[in-house]
Amino acid sequence: MALIVLLAAPTLLIFLGLQVMNSVPITFLLFYGWLFAVPFIDMMLVKRFTFSQTMHQLGFIPQRKSIVVGLVSGAVYFLVILLAGSLFLPLLFKKAELERLLVEWNFSGELFWWLVLVLVLVNPFLEELYWRGYFFCKAQGRFTQKKLIWLSSFFYSLYHLLSVVPLFAWPTPIIVIIAVFVAGVSWGMLRAKTGSLAGAVASHIFADAGIILLYLLYLRS
């Protein structure tokens, strides 16, 4: 599969689900379905790797340094998100508009807590698997390690625009996207230096948990 398709497809799928169909559940099915299916179809059905070989190639290796750095950086991200959010909340959101939009996107009702669990537990695993795992494997040899990190972080950040622009008051979306890009670079560097995705996944879980907790504490009360 052409690299440009791998890079652009997640953004296109989120655009289709969120902007065209106005549904978070449908967006999740399209987006996470792609992130999960493409790496495993390619590596297990096309390349004929075993499941164990696939996971090893993708970087799911229990490496102590990676885990420690991931937990520490994740705790920092968690605290920064909560602190910054609590301090600047009135500037970041228009609460009534945010609630209206989330209801319109079906991020509410009986599915709400299931969607939260997906964002905190499934999202970090699949995004790291795809961007810092599969894309790193697929593009290795075509780019330098530095370019791999920057390229994956750019396209990882790109589709976040589709959700943050409608949710945040300007110029907050630009600040958020820069923060997402920096986080992506840090996780890419951790993957590159340790050869393991474990720390990136752990750090990503903490960051997403901080975002969700901020929403629950200050916006859903």
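Here, every reference points to the structure presented above.
The rules behind these values
- Residues numbered from 1 in each chain as written.
- Predicted model: local features only at pLDDT ≥ 70, side-chain atom pairs only at ≥ 80, totals over all residues.
- Heavy atoms only, no water.
- Helix = DSSP H or I, 4+ residues; strand = E, 2+ residues; numbered from the N terminus.
- Buried < 20%, exposed > 50% of the residue type's maximum accessible area, 1.4 Å probe, protein only.
- Contact = heavy atoms within 4.5 Å.
- Core = buried A, V, L, I, M, F, W, Y, C linked by side-chain atoms within 4.5 Å.
- Axes fitted to C-alpha atoms, helices over the stretch in contact; angles between N-to-C directions.
- Parallel < 35°, antiparallel > 145°, perpendicular 65-115°, else oblique.
- Left-handed = near helix turned anticlockwise from the far one by under 90°.

A.B. asks: How do you make sense of the side chain of threonine 54 when you look at a structure like this?
C.D. replies: Mapped onto the elements of the fold, threonine 54 is located in helix α3 (residues 51-58). On the basis of relative accessible area, threonine 54 is assigned to the buried category, the value being 0%. When sequence neighbours within four positions are dropped, the list of residues in contact with threonine 54 reads Phe40, Met43, Met44 and Phe49.

A.B. asks: Looking at this structure, I do not really get the nonpolar core. What am I missing?
C.D. replies: Across soluble globular proteins, nonpolar side chains have a tendency to be buried as a group. Counting 56 residues, the largest nonpolar core has Trp34 and Phe107 as its most contacted members. Sort the elements by how many residues they give to this core and helix α6 (residues 112-139) lands first, with 12 residues.

A.B. asks: Sorry, what's going on with the packing of helix α2 (residues 24-46) against α3 here?
C.D. replies: For any two helices packed against each other, the geometry comes down to the angle between their axes and how far apart the axes lie. Where α2 contacts α3, the axes come no closer than 10 Å and their chain directions differ by 130 degrees. It follows from the interaxial angle that α2 and α3 lie oblique. Note that α2 runs across α3; the crossing there is right-handed. Contact with α2, carried on its side by Phe40, Met43 and Met44, involves Phe51, Thr54, Met55, Gln57 and Leu58 of α3 and no other residues of that element.

Bear in mind that shape data such as this cannot, by itself, settle questions of function.
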